[in-house]
Amino acid sequence: MNRTLLIIKPDAVKRNLIGNILKQILDAGFKMLGMKMVWLTREQGGKFYEIHKGKDFYDWLTNFISSGPIVVCCLKHPEGPKKLREVVGATDPKNAAQGTVRNLYGTSVGENVVHASAPDEDPEREIKFFFDEKEMFEY
Ligand code: DAT
Ligand code: MG
C-alpha cells in the first residue's frame, strides 16, 4: 500500500509549524488524500498508541498526544510509509538526519513534532483510526 498517516503533534500545532511541516512533506512528492484537525481524549490517545503499552514512556506519550489539537493527514506516495519516515527523520531529533522534519523542529525524543506510520506497523490501521474512506479523495 502506498498510503500512510502523518500526525502533526500538539507541540508543533502550538508552535505554529503546521504550514512549514506540510510544505516540506508535500514538496517531497506526497499527495494529500485526507486531512483534519482533531483533539484526542486521553483514552483515544492510549488506543492509537496501544502498541507501546507497557513501555516506560507510554503514559507520558498518551498524555502528550491528547494535550492539544493535532492535524492528521492521509498521504500517498509511490514509496508511501518508507518515504515519509525518511522525510521525517529518526525518533530522537538528536539522531535525525540533517534537514529532516524532526531535525529542523523537534526539541526532544518525546516532543518530536510529528508521527509517521512505520512501514511494518500497519499504516492502514492508523489511517482507519482517523478516517472513513468517504473522507479521503483520489484526484
Ligand atoms: P516513532 O514515532 O519514530 O515511530 P516510536 O514508535 O518508537 O517512534 O515511539 C513513539 C513515540 O513515543 C515517539 O515518537 C516519541 C515517544 N517516545 C519514544 N521513545 C521515547 C523515549 N525514550 N522517551 C520519551 N518518549 C519516547
Ligand atoms: Mg512508531
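Summarised in this report is the structure supplied together with it. Everything quoted here is computed from the prediction, not taken from an experiment.

Analysis parameters
Residues numbered from 1 in each chain as written. Chains lettered and ligands numbered in written order. Predicted model: local features only at pLDDT ≥ 70, side-chain atom pairs only at ≥ 80, totals over all residues. Heavy atoms only, no water. Buried < 20%, exposed > 50% of the residue type's maximum accessible area, 1.4 Å probe, protein only. Helix = DSSP H or I, 4+ residues; strand = E, 2+ residues; numbered from the N terminus. Pairing = 2+ DSSP bridges. Near = heavy atom within 4 Å. Polar contact = N/O pair within 3.5 Å; in protein donor to acceptor, adjacent residues only side chain to side chain. Areas by Shrake-Rupley, 256 points an atom, 1.4 Å probe, with all protein chains shown as cover. Nonpolar A, V, L, I, M, F, W, Y, C, P; charged D, E, K, R; others polar. Contact = heavy atoms within 4.5 Å. Core = buried A, V, L, I, M, F, W, Y, C linked by side-chain atoms within 4.5 Å.

### A short note on the pairing of strand 3 (residues 70–76)
Piece 1. Counting buried positions over the seven residues of strand 3 gives six, a clear majority of the element.
Piece 2. Bridge count for strand 1 (residues 3–8) against strand 3 is six bridges, and the pairing is antiparallel. Residue pairing across strands places Ile8 opposite Val71, the latter belonging to strand 3.
Piece 3. Examined bridge by bridge, strand 2 (residues 31–38) and strand 3 share seven bridges and lie antiparallel to one another. Its bridge partner being in strand 3, Lys31 is matched across the sheet by Lys76.

### Describing the site of ligand 1
Piece 1. Neighbouring ligand 1 are Lys9, His52, Phe57, Leu61, Arg85, Thr91, Arg102, Val109, Gly110 and Asn112.
Piece 2. The separation between an oxygen atom of ligand 1 and a polar side-chain atom of His52 is 3.1 Å.
Piece 3. In the complex, 77% of the free accessible area of ligand 1, which totals 520 Å², lies under the protein chains.
Piece 4. Here the residues of the shell around ligand 1 sort into three nonpolar, four polar and three charged.

### Quick word on the environment of Tyr105
Piece 1. Examined against the element boundaries, Tyr105 turns out to sit in helix 6 (residues 101–105).
Piece 2. Residue Tyr105 is classed as buried on the basis of its relative accessible area of 16%.
Piece 3. Linking Tyr105 and Gly54, residues 51 residues apart in sequence, is a C-alpha distance of 28 Å.
Piece 4. Not counting chain neighbours up to four residues away, the residues in contact with Tyr105 comprise Arg15, Leu17, Asn20, Ile21, Gln24 and Val113.
Piece 5. There is a polar contact of 3.4 Å between the side chain of Tyr105 and the side chain of Asn20.

### A word on the nonpolar core
Piece 1. Among the nonpolar cores identified, the biggest contains 21 residues, and Leu6, Ile8, Ile21 and Ile25 are the most heavily contacted of them.
Piece 2. Elements supplying a minimum of two residues to this core: strand 1, helix 1 (10–14), helix 2 (18–27), strand 3, helix 5 (80–88), helix 6 and strand 4 (114–116).
Piece 3. Not counting residues within four places of it along the chain, the set of residues in contact with Ile8 comprises Val13, Ile18, Ile21, Leu22, Ile70, Val71, Val113 and Val114.
Piece 4. One finds Leu5, Phe130, Phe131 and Met136 within the second-largest nonpolar core, a separate group that totals 16 residues.

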